[in-house]
Amino acid sequence: MGISRRKFVGVGAAAAAAVTLDREARADVLRGAGGERSASFAGRPVVVSSANGIRGVARAYDMITRQNADTLDAIIAGVNIEELDPDDQAVGLGGLPNADGVVQLDASCMHGPTKSAGAVAAIEDIATPSLVAKAVMDYTDHIMLVGPGAKKFALEMGFKEQNLLTEKSRRDWLQWKACLNPNDEWLDKPGEEGSGKGQAVAYEHPLHVKFTTGTINMNAVNARGDISSVTTTSGRSWKIPGRIGDSPIVGAGQYCDNTVGAAGSTGRGEANIKVCGAFLIVEFMRQGSSPDEACMKTIDRVIAMTEPRLLDGKSRPLFDLQFFALAKDGRFGSASAYEGDHYAVADSSGARLLPMPFRFPRAERPEMPSISCRRA
């Protein structure tokens with residue numbers, strides 16, 4: 001992709017310090033890049049994402065249609081909005097930390113025209129892991145960098161180091177620590193000391209503990225049929241240090257094929273990793289399924305591959321997982337296990353939230369594992 005290392009460093013440093021990101025539009029991205037497209041192809045530009053990307057899809061669509069921006073540049077600018085928003089505790093700055101109180105971020109991206117991908121996992125002190133993932137894609141012969149190595153690379157590329165733990169998220173972490181929550185990331189074996197359930201705490205109770213698996217996935221296609229995808233997250237709150245979910249795993253948290261389409265996910269990453277969900281959705285679309293159908297088939301595959309401890313007595317999952325997809329011709333869709341979720345779309349009709357197709361109606365949603373505290 002036609003951008004110099006010096007220019008990328010300047011852009012990366014600025015993005016880490018400000019919410020806005022003004023990337024140069026590159027209308028000639030395919031010339032000399034080895035991309036594949038038909039000169040006669042004309043489709044519908046579309047951007048789709050998880051619901052928390054409603055601001056981002058509007059920005060990305062505007063960049064694609066008004067500035068002729070590359071699809072990957074556009075959607076990364078879209079997710080940067082949430083990565084740099086300290087009030088969004090699911091991604092980037094202000095994300096809820098791991099069990100040690102450290103914010104560790106994951107991200108991955110793919111660029112359909114050049115068949116390139118990049119990812120970072122468990123990176124600390126860098127607010128925009130999506131941009132670092134793109135730098136891995138653009139400037140290395142690797143796809144994924146993790147932990148201290150990912151941070152060292154980011155600093156060498158000119159990204160700004162900063163404390164990602166906001167006071168709001170720090171207070172939530174301290175409350176979780178004080179709660180001595182038995183529903184943490186460790187599996188209690190029957191008969192072991194401390195394996196009993198704690199006392200349930202109502203949502204409005206002062207001891208209620210926040211929990212999130214929040215993530216933002218965004219996918220885009222332009223009128224030439226060129227596709228890109230990106231997913232970024234702070235992961236499961238209170239996770240065991242070093243844990244990564246599906247977001248930085250190409251083929252799980254996001255995937256795109258410039259001849260077919262793109263897909264991504266939010267929710268329980270461990271469940272999605274086992275089915276390579278984003279890749280599977282794209283393959284279903286390759287076989288002729290619509291984006292909605294492909295997402296729903298993948299929801300069914302997730303349920304079929306879920307261990308019994310995470311299913312209720314009627315084989316319904318005790319967790320949430322959402323998929324989002326678009327096809328090369330501009331069709332888009334999604335699916336969720338349970339009724340009630342929405343996703344964000346931007347096209348010629350504007351940016352809006354749409355209800356997601358679901359496998360189970362709201363009335364059949366089982367009681368999810370409650371947040372509870374074991375008082376010291």
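Please refer to the structure placed before this passage.
Calculation rules
The numbering scheme is per chain: residues are counted from 1 as the chain's sequence reads. Owing to the predicted nature of the model, reporting of local features is limited to residues with pLDDT of at least 70; listing and counting of side-chain atom pairs is limited to 80 or more, with chain, interface and lining totals taken over all residues. Values reported for side chains reflect all heavy atoms of the structure, with hydrogen atoms and water molecules removed beforehand. Numbering of helices and strands runs from the N terminus; a helix is a DSSP stretch of H or I covering at least four residues, while a strand is a stretch of E covering at least two. Burial classes: relative accessible area under 20% of the type maximum marks a residue as buried, over 50% as exposed, and values in between as partly exposed (1.4 Å probe, protein chains only). Two N or O atoms count as a polar contact when they lie within 3.5 Å, although within protein this holds only if one can serve as hydrogen donor and the other as acceptor, and sequence-adjacent residues are included solely when both atoms are side-chain atoms. Strands pair, by our definition, only if DSSP identifies at least two bridges between them. Orient the strands so they point away from the viewer; a crossover is then right-handed if the path from the first strand over the helix to the second runs clockwise. Here the expected length of a helix is defined as 1.5 Å per residue gap, with one fewer gap than residues. In this description, one arc is meant: the one made by directions from the helix axis to the C-beta atoms.

Asks: For the environment of Ser237, give the residues involved together with the corresponding values.
Replies: On the secondary structure map, Ser237 appears in the loop between strand E7 (227-233) and strand E8 (254-257). Here Ser237 falls in the buried class, since its relative accessible area comes to 0%. Along the chain, Ser237 and Gly101 lie 136 residues apart, while their C-alpha atoms are 9.6 Å from each other. Looking at Ser237, its side chain comes within polar contact range of the side chain of Trp238, at 3.3 Å.

Asks: Residue-level account of the pairing of strand E3 (residues 116-123), with values.
Replies: Within E3, seven of the eight residues are buried, which leaves the element mostly enclosed by the surrounding structure. Judged from the six bridges that link them, strand E2 (residues 105-111) and E3 form a sheet pairing that is antiparallel. Counterpart to Leu105 in the pairing with E3 is Ile123. Counting the residues in the hairpin turn of E2 and E3 gives four residues, including Lys115, whose phi is positive at 55°. Two elements, E3 and strand E4 (residues 144-146), share three bridges in a ladder whose sense is parallel. Across the sheet, Val120 pairs through a bridge with Leu145, a residue of E4. Traced from E3 through helix H4 (residues 129-139) to E4, the parallel crossover comes out left-handed.

Asks: How would you sum up helix H6 (residues 167-179)? Please name residues and give values.
Replies: Taking 1.5 Å of rise per residue, the 13 residues of H6 would be expected to cover 18 Å, and the 18 Å separating its terminal C-alpha atoms lies within 8% of that figure. The set of residues buried in H6 consists of Ser169, Asp172, Trp173, Trp176 and Cys179. Buried residues along H6 cover an arc of 120° about the axis, so they all sit on one side.

Asks: Outline the pairing of strand E12 (residues 342-347), listing residues and values.
Replies: Each regular strand displays side chains that alternate between the two surfaces of the sheet. Taking burial as the measure, the six residues of E12 include five buried ones, the bulk of the element. Relative to E12, strand E1 (residues 46-50) runs antiparallel, the two being bridged by four bridges. In the strand pairing of E12, Ser49 is matched with Ala344. Where E12 lies against strand E13 (residues 350-355), six bridges are found, and the strand directions are antiparallel. Bridge pairing in E13 places Val345 opposite Arg352. Linking two consecutive strands that pair antiparallel, namely E12 and E13, is a turn of two residues.

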